[in-house]
Amino acid sequence: MDSTSGTTPPHDDSKPDGRDHAGRTPARTRTGTGSGAPPGTAPAVELRGASKVFRTPSGAAHTAVRDLDLTVAQGEFVAVVGPTGCGKSTTLTLVSGLEEPTEGEVLVGGEPVTGIRPDVGFVFQQDAVFPWRTVLSNVAAGPRFRGVPKDRARQRARDWLGRVGLAAFADRYPHQLSGGQRKRVALAQTFVNDPAILLMDEPFSALDVQTRALMSDELLDLWGGSRPDAAAASVVFVTHDLEEAIALADKVVVMTAGPATVKAVFPVRLPRPRKVESVRLEPEFVEIHREIWASLGEEVRITRERGARSDH
Ligand SMILES: Nc1ncnc2c1ncn2[C@@H]1O[C@H](COP(=O)(O)OP(=O)(O)OP(=O)(O)O)[C@@H](O)[C@H]1O
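Residues numbered from 1 in each chain as written. Predicted model: local features only at pLDDT ≥ 70, side-chain atom pairs only at ≥ 80, totals over all residues. Heavy atoms only, no water.

**Structural notes on the packing of aromatic side chains**
Between two aromatic rings, the relevant description is the distance of the centres plus the angle of the planes. With the rule as written, the count across this model stands at six aromatic pairs. A centroid spacing of 5.7 Å and a plane angle of 20° characterise the contact between Phe 122 and Phe 124, whose relative ring orientation is stacked. Taking 5.4 Å as the distance between ring centres and 45° as the angle between the ring planes, the aromatic pair formed by Phe 130 and Trp 132 counts as tilted. Given the relative accessible area of 26%, Phe 130 is considered partly exposed. (Phe/Tyr/Trp six-rings, centres within 6.5 Å; stacked < 30°, edge-to-face > 60°. Buried < 20%, exposed > 50% of the residue type's maximum accessible area, 1.4 Å probe, protein only.)

**Some thoughts on the site of the ligand**
Neighbouring residues of the ligand: 13 residues in total, closest Thr 84, Gly 87, Lys 88, Ser 89 and Thr 90. His 62 places a polar side-chain atom, nitrogen or oxygen, 3.1 Å from an oxygen atom of the ligand. The separation between an oxygen atom of the ligand and a polar side-chain atom of Lys 88 is 2.7 Å. Broken down by secondary-structure element, the contributors of at least two residues to the shell around the ligand are strand 2 (61-72) and helix 1 (88-96). Per element, the largest residue contribution to the shell around the ligand is three residues, and it comes from helix 1. (Near = heavy atom within 4 Å. Polar contact = N/O pair within 3.5 Å; in protein donor to acceptor, adjacent residues only side chain to side chain. Helix = DSSP H or I, 4+ residues; strand = E, 2+ residues; numbered from the N terminus.)

**Observations concerning the sheet that holds strand 1 (residues 45-55)**
Where strands meet in a sheet, backbone hydrogen bonds hold them as pairs that are either parallel or antiparallel. Read across the sheet, four strands follow the order 2-1-4-5 without closing on themselves; strand pairing throughout is antiparallel. Because the sheet does not close on itself, it has two edges, and the strands there are strand 2 and strand 5 (111-112). Running at roughly 115° to strand 1, helix 1 makes contact with strand 1, strand 2 and strand 4 (103-108) of the sheet. (Pairing = 2+ DSSP bridges. Contact = heavy atoms within 4.5 Å. Axes fitted to C-alpha atoms, helices over the stretch in contact; angles between N-to-C directions.)

**Observations regarding helix 2 (residues 135-145)**
Most of helix 2 sits out of view: nine of its 11 residues are buried. Buried within helix 2 we find Val 135, Leu 136, Ser 137, Asn 138, Val 139, Ala 140, Ala 141, Gly 142 and Pro 143. Packing partners of the buried residues in helix 2 comprise helix 3 (150-163) and helix 4 (179-191). Remark: Gly 147 follows helix 2 within two positions and exhibits a positive phi of approximately 90°.

**Observations regarding the sheet that holds strand 3 (residues 77-81)**
Read from one edge to the other, the open sheet built from six strands follows the order 6-7-8-3-9-10, with strand pairing classed as mixed. Since the sheet does not close on itself, it has two edges, and those belong to strand 6 (120-124) and strand 10 (262-267), each with one partner. Mean inter-strand twist for the sheet, computed between neighbouring axes without regard to direction, equals 15°. Pairing between strand 3 and strand 9 (residues 251-255): four bridges, direction parallel. Bridging across to strand 9, Ala 79 finds its partner in Val 252. The strands touched by helix 4 within the sheet are strand 6 and strand 7 (197-201), with strand 6 carrying the most contacts at an inclination of about 170°.

**A short note on the packing of helix 4 against helix 5 (residues 209-225)**
Two elements in contact, helix 4 and helix 5, have axes separated by 11 Å at closest approach and are oriented at 15°. Taken together, the axes of helix 4 and helix 5 lie roughly parallel to each other. The element helix 4 and its partner helix 5 pack so that their crossing is right-handed. In contact with Gly 180, Lys 183, Arg 184, Leu 187 and Phe 191 of helix 4, helix 5 contributes Thr 211, Met 215, Glu 218, Leu 219, Leu 222 and Trp 223. Its residues assigned to classes, the contact of helix 4 with helix 5 comprises six nonpolar, two polar and three charged. (Parallel < 35°, antiparallel > 145°, perpendicular 65-115°, else oblique. Left-handed = near helix turned anticlockwise from the far one by under 90°. Nonpolar A, V, L, I, M, F, W, Y, C, P; charged D, E, K, R; others polar.)

**Regarding helix 5**
Counted at 1.5 Å a residue, the expected span for helix 5 with its 17 residues is 24 Å, and the 25 Å between its end C-alpha atoms agrees. Those residues of helix 5 that fall on the buried side of the exposure criterion are Thr 211, Arg 212, Ala 213, Met 215, Ser 216, Asp 217, Leu 219, Leu 220, Leu 222, Trp 223 and Gly 224. Two or three places before Gln 210, at the opening of helix 5, Asp 208 has a side-chain oxygen 3.1 Å from that residue's backbone nitrogen. (Expected span 1.5 Å × (residues − 1).)

Structural data, given as structure tokens:
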């Protein structure tokens, strides 16, 4: 089995000779840029023994994340799956700088996270748009906040709207778009800022199945070609959908029932470029799905049983 039981040792997705835990050579043949970290550079993201304890309104302590070790290499696409409520979103908020760990360390590019960073982009389930602004203005807003002159910001926004297939919708308002189009706006809004790290929290979960598959393909295309002069963005993608996770990622991280810690890490060696609908039919896909589900299903069952106990 290609899993790493227990927590993931930092920097340890492959052996020194480039082989993974199973001794096979990773097939990371992405088109575009980003074939991993140059030797000697820090991982894009690292959590070391990170824990997060929240105070509930009643004053009780609630541990959302416990002793979590996770490493994301530069240019790596990591999908995180786990049972509902286990602490996946909290893990992202630690990386984003929106929350501080109660214990442990969170590093981005080798530096401790001390707040929100301009090189980190987010895409969430809900759209983060200004409803009173046009699509173009929404996409240009990020560069404008970063001090890019208006004309240049609008030009970059137009470029990205073209890349996500929305050039003809620049003057529309968000409520005049479909759910899939709004997601494309969200991708343009994020990629226009040239993020080195992309944090995605169930970004496509509100979409129908077909649109979801299309958006996944578009995300892979954008990711592969987004940073022609630099390594591809490193992605942490939280999802409930194991098929989506495998189709997109270089590795799938399975979280335990809450409080979240890393249960196992599964490398995904499916070659790139990938099309999510066809990759699902590959025998290797089916095999890795079976392996990961054996690990994840156990945590889902534990979570369900806990829920049943507290309900009755
Ligand atoms: N600000 C907060 N204060 C108190 N408890 C919180 C806070 N944020 C999250 N939690 C709790 O921490 C736990 C983990 O929440 P989190 O949203 O990280 O889970 P998740 O795995 O992303 O869930 P889902 O899959 O359902 O989206 C939950 O029990 C949640 O209720």
